[in-house]
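Letter by letter, the chains look like this.
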Amino acid sequence: MEMKMAVDPHSSSVMTADEISDPRTHTDQQFDVASLASNKKPFEMTDDEIKKEISVPRTHTDQKFDVASLFAIVTNILNPATIAADNVFRGTKQPHMEIKGERAIATSFIPPLCTLKELSYEMACKDPGVETAYKTTKSILEKLKDYSWHAKAVLTLAAFALDYGDFCKHLDQFHSSDQLTKSLGILKGIPTLLTQPSIDHKQEGAIVELNKLIKDTLNVIDCIVTLEERSVKYNPNDLPALSIATNNISIYVFWAIITVVVCTTRMCCLIKDESKTHELSQFSEKINDIHGKLKLQIQLCNEEIEKIEAYWKLIRFLKEPLDIAEVLKALIFASDNRQRVKVFPNELILEAVKTKNVLLFFTDLDVDKISEYVSIRTPIYENIPSKYKDKYEVVWIPIVDQWTNDMQKKFESLRSQMSWFVVQNFSSISGIKYVREQWHFKNEPIIVVLNPQGTVEHHNAAPMIKIWGPRAFPFTHWKDEELHKSEDWFGSLMLEFSPDIPTWIDEGKHIFFYGGKDSTWVKEFSKEATGFANDAVKGARISLFNVGKDSGSLGHFWKLIDNFFLYKSQMVTELDPMTKEIQKLLSYKNEKGWVVLCKGARLVFSGYGTTVLTVLKNFDEWRQCLNDSVSDFEVCLEEHYNEQLFKDGFPCRVIDIPKSDGLIPDYRKCPDCSKIMETSFRFKCCDHNQHGFNLKFCHNHHGTKAQLKGSYIDHMNPQVPMEPVYRQLIATTDKSAI
């Protein structure tokens, strides 16, 4: 009979015609060839390469089941099973010990038996070899692609536990008189291991090694399940250690599953008494390395969770405080302080503040910022009604990330300037987190006002105190609301500049406040306005105040206006008339001259100095406009100012805003002197400086542009993101009072 031969184009081997016609032979041959083409050696692959290889697209129907209950069953099987194996081959009698962190089994739990049987079949009776184990692992991951990573690991281990637990049970009870146990033991291959004249020591060592690797793998999967439980309860973004662990969870699961596959093969080889088997040392080393990493990550997670729990506890507590002493105890003297807190002048702060209102003054150690508040403390205290002076305490709490010798010296220097309570080494992790996140402390000082019951009366009274001084008393939100709506805000800010100003305000006079960068203009305006004030202006008594007469007063004036703008910007969401006037004032900062007219403390209007000067010089042209009413003077002056401004052409409106903490985090040094340069926002609008310009048309249809650090932002374009405070700043559409 003639034998026909055929050559497989993918193989160097020769097949007979019968082999070709046998579909089983052909399929097996193709399987072997395909496996050769896909062989991988995981110990030679990087984590990224493994991640890429095992990334299987998931469907939209995730498979879910009670992983915790299944893992509890697995631990209840493998724990006594490994002890039984050790007892047989080591001659020991270890008692059953419950695994640490053993989980409860839900009474309604139904195990996924079909999936477990399928996985058990997938792992059974494989030839030894890392490449085969890798291919089997990939097949398992494909079957379990719709399960979470920790579920994949637990399911695979559960499938192994079905066989290994049964094997160890019959191994331990094989010599009993129970016929059922003996018969099942024979089917499990027990006689191969126990009925030989003497057990080979190498074989005994292999079983002990296998047993240890199973326990180590169980510990790794235990850690994986623990991390999964953490990620369900907590946001990984809040726990860096958990985030790192979850990013690598697929790698940990891969090595756990491939190790279970290898353990299954080792068990099968021992039962069949085959000399060829897996070398487990590499897997043991890898699993122990992973276990070490997971234990460290869980430890770090637990530490981070402890901080989060302490923070949440503090939040819950401070929602309904009992009294001020309890609040300070929870905030300052928390159990998670990294170092002992010191209080000056003594440690009796909790007793001293009982029944009092407390102003918590949080700062860094910036000398200039703190000194500003120290300097206004005395005038505020002196103006508080005497019956309230012993009802208020100030507690300075500097927030320092790391106390160094230099920090300590700076702190002691600042402390010597203060007459209130001072806290040093405030280092409560939850307390500092609370101050930063709930009370929004960044780097600018804040003053949190608490009443005797520990309730917050103002989350940050610092701007109000800095602006209004004694008028801010009693430093509450309602007082803040009252002040920021006040029409006499400008006159109130000017009270500190001269003892004459309060008198003029009380007398209801018209007051010209003026200043500017051009001393020639200032002198000319002073002369012209003095003559104007002495003229017989019906219904008006006029006084003049040169803000720049004192060399230091002009800088203080603009700082006051800057602070007031920032203060107002925090209080309002709409561009109200007061905020518009503040913005106009800010735009005059770099002008050669500017003028503000007040009636008493009420601001009437503000304008460009050159234009106001022209109007005063042309007084004879509009003198007839005046009648007997005081309001006529105000109306006539502003009306002719607007007419003159229209004739002259509107100057570009340029507004420099001081840096507000958190908006511009970077800094630059001067190229000449190397000092840190002053930082600010600049907004500029020149669209309205054309002669005959239609204000309403421009700002309704063309928009206003703001220059921010060299680039232009169109406020009419909603796609351009801007800080809310500055979006409202440049969105001014009412130019009628320019």
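Residues numbered from 1 in each chain as written. Predicted model: local features only at pLDDT ≥ 70, side-chain atom pairs only at ≥ 80, totals over all residues. Heavy atoms only, no water.

Per an unreviewed UniProt entry, the recorded name for the chain is Sieve element occlusion, and the organism is Quercus rubra.

A. Local environment of the overall build of the chain. Across its full length, the chain carries 30 helices and 16 strands. Each of the 738 residues in the chain was classed as buried or not, and the buried ones make up 46%. As presented, the chain carries roughly 38,000 Å² of accessible surface, and 51% of it is formed by carbon and sulfur atoms. (Helix = DSSP H or I, 4+ residues; strand = E, 2+ residues; numbered from the N terminus. Buried < 20%, exposed > 50% of the residue type's maximum accessible area, 1.4 Å probe, protein only. Areas by Shrake-Rupley, 256 points an atom, 1.4 Å probe, with all protein chains shown as cover.)

B. Spatial organisation of the packing of aromatic side chains. Counting across every chain of the model gives 38 aromatic pairs. Each ring, one from Phe 473 and one from Phe 475, has its centre 5.6 Å from the other, and the planes form 90 degrees; the classification is edge-to-face. Grouping residues by exposure puts Phe 473 and Phe 475 together as buried. Both rings, one in Trp 489 and one in Phe 564, keep their centres 5.0 Å apart while their planes meet at 5 degrees; by these two values the pair is stacked. On the criterion of sequence distance, the pair formed by Trp 489 in helix 21 (residues 489-494) and Phe 564 in helix 24 (residues 553-571) is long-range, its members being 75 residues apart. (Phe/Tyr/Trp six-rings, centres within 6.5 Å; stacked < 30°, edge-to-face > 60°.)

C. Just unusual backbone geometry, in detail. Cis peptide bonds are those with omega within 30 degrees of zero, and the linkage from Phe 344 to Pro 345 qualifies with 10 degrees. Position of Pro 345 among the secondary structure elements: in the loop between strand 3 (342-344) and helix 15 (349-352). Note the cis peptide between Phe 473 and Pro 474, where omega equals 10 degrees. A positive phi angle is found at Asn 425, which is not glycine, with a value near 65 degrees. Considering the arrangement of structural elements, one finds Asn 425 in the loop between strand 6 (421-424) and helix 18 (429-437). On the basis of relative accessibility, which here comes to 8%, the residue Asn 425 falls in the buried class. Despite not being glycine, Phe 475 shows a phi value in the positive range, around 65 degrees. Looking at the secondary structure, you find Phe 475 in the loop between helix 19 (462-468) and helix 20 (477-484). Relative accessible area serves as the criterion here: at 3%, Phe 475 is assigned to the buried category.

D. The arrangement of the environment of Glu 372 in detail. Considering the arrangement of structural elements, one finds Glu 372 in helix 16 (residues 367-383). Glu 372 sits 94 residues away from Lys 466 along the chain, and the two C-alpha atoms are 8.3 Å apart. Discounting residues that sit within four places of it in the chain, Glu 372 has contacts with Lys 466, Lys 559 and Asn 563. (Contact = heavy atoms within 4.5 Å.)

E. Summary view of the sheet that holds strand 4 (residues 357-363). One open sheet accounts for six strands, arranged 3-6-5-4-7-8; its pairing is mixed. Each edge of the open sheet is held by one strand with a lone partner, namely strand 3 and strand 8 (456-458). Across this sheet, the average inter-strand angle for adjacent strands is 25 degrees, counted without regard to direction. Relative to strand 7 (residues 446-450), strand 4 runs antiparallel, the two sharing five bridges. Residue Leu 360 lies in a different strand from strand 7, and its bridge partner there is Val 448. Those strands touched by helix 14 (residues 324-332) are strand 4, strand 5 (392-398), strand 6 and strand 7, and its axis lies near 20 degrees from that of strand 4. (Pairing = 2+ DSSP bridges. Axes fitted to C-alpha atoms, helices over the stretch in contact; angles between N-to-C directions.)

F. The arrangement of the environment of Asp 127 in detail. By the element assignment, Asp 127 lies in the loop between helix 5 (113-123) and helix 6 (130-143). Taking the relative accessible area as the measure of exposure, Asp 127 reaches 58% and is therefore exposed. Counting along the chain gives 141 residues from Asp 127 to Cys 268, while the straight-line C-alpha distance between them is 9.5 Å. Not counting residues within four places of it along the chain, the set of residues in contact with Asp 127 comprises Thr 132 and Thr 265.

G. Summary view of the side chain of Thr 476. Inspection of the secondary structure assignment puts Thr 476 in the loop between helix 19 and helix 20. Within the structure, the side chain of Thr 476 is placed 2.9 Å from the side chain of Trp 478, a separation counted as a polar contact. In this view, Thr 476 contacts Glu 457, His 458 and Met 464; residues no more than four positions away in its chain are not counted. (Polar contact = N/O pair within 3.5 Å; in protein donor to acceptor, adjacent residues only side chain to side chain.)

H. Inspection of the pairing of strand 9 (residues 510-515) at higher detail. Where burial is concerned, most of strand 9 is hidden: six out of the six residues are buried. Of the two faces of strand 9, the one holding His 510, Phe 512 and Tyr 514 and the one holding Ile 511, Phe 513 and Gly 515 are both buried throughout. Two strands pair when backbone bridges link them, and strand 9 and strand 10 (residues 542-546) are joined in this way by five bridges, in the parallel orientation. In the sheet register, His 510 faces strand 10, and the bridge partner there is Ile 542. For strand 9 and strand 11 (residues 594-599), the ladder comprises six bridges, and the chain directions are antiparallel.

I. Structural context of the state of the cysteines. As enumerated under the stated definition, the model contains one disulfide in all. Each sulfur in the disulfide pair Cys 625 and Cys 636 lies 1.9 Å from the other. Disulfide Cys 625-Cys 636: the torsion about the S-S bond is -80 degrees, which places it as left-handed. Here Cys 625, found in the loop between helix 27 (619-622) and helix 28 (630-648), pairs with Cys 636, found in helix 28; they are 11 residues apart in sequence, far enough to count as distant. On the basis of relative accessible area, Cys 625 is assigned to the partly exposed category, the value being 28%. Lacking any disulfide linkage, Cys 268 is separated from the closest cysteine sulfur, that of Cys 125, by 4.7 Å. (Disulfide = S-S within 2.5 Å.)

J. Structural view of the pairing of strand 6. The alternating pattern of strand 6 places Phe 421 and Val 423 and Val 422 and Gln 424 on opposite faces, both of which are buried. Looking at chain direction, strand 3 and strand 6 are connected through three bridges and run antiparallel. Across the sheet, the residue bridging to Val 343 is Val 423, located in strand 6. Here strand 5 runs beside strand 6; their pairing, made up of two bridges, is parallel. Across the sheet, residue Val 395 finds its bridge partner in strand 6, namely Phe 421. In this fold, strand 5 hands off to helix 17 (residues 405-415), which returns the chain to strand 6; that crossover is right-handed. (Right-handed = clockwise from strand over helix to strand, strands pointing away.)

K. Quick look at the nonpolar core. Trp 396, Phe 475, Trp 489, Phe 490, Phe 513 and Phe 525 are the most contacted members of the largest nonpolar core, which has 90 residues in total. Core analysis: the next-biggest nonpolar cluster, separate from the first, contains 73 residues, Phe 71, Phe 160, Ala 161 and Val 260 among them. (Core = buried A, V, L, I, M, F, W, Y, C linked by side-chain atoms within 4.5 Å.)

L. Inspection of helix 18 at higher detail. Restricting attention to buried positions, one finds in helix 18 the residues Ser 430, Gly 431, Ile 432, Tyr 434 and Val 435. Tucked into the core, helix 18 has its buried residues touching helix 13 (281-319), helix 14, strand 4 and strand 7.

M. Inspection of the confidence of the model for the chain at higher detail. Predicted confidence across the chain gives a mean pLDDT of 77, with 73% of residues reaching 70 or more. Taken as a whole, residues 661-666 scores under 50 in pLDDT and shows 13 contacts with residues more than four places along the chain or in a different chain. Considering only residues more than four positions removed or in separate chains, one finds that residues 690-738, a stretch of pLDDT under 50, has 103 contacts. (pLDDT = per-residue confidence, 0-100.)

N. View of the packing of helix 13 against helix 18. Where helix 13 contacts helix 18, the axes come no closer than 9 Å and their chain directions differ by 60 degrees. By the angle class used here, helix 13 and helix 18 are oblique. Viewed along their axes, helix 13 and helix 18 form a crossing whose handedness is right-handed. Listed contacts from helix 18 to Lys 307, Ala 310, Tyr 311, Leu 314, Ile 315 and Leu 318 of helix 13 are Ile 429, Ser 430, Gly 431, Lys 433, Tyr 434 and Glu 437. (Parallel < 35°, antiparallel > 145°, perpendicular 65-115°, else oblique. Left-handed = near helix turned anticlockwise from the far one by under 90°.)

O. Highlighting the sheet that holds strand 12 (residues 602-608). One open sheet accounts for four strands, arranged 10-9-11-12; its pairing is mixed. Every interior strand has two partners, whereas the edge strands, strand 10 and strand 12, have only one. Each strand axis lies, on average, 20 degrees off the axis of its neighbour in the sheet, ignoring direction. On top of the sheet, helix 23 (residues 519-534) reaches strand 9, strand 10 and strand 11; it is set at about 170 degrees to strand 9, its chief contact.

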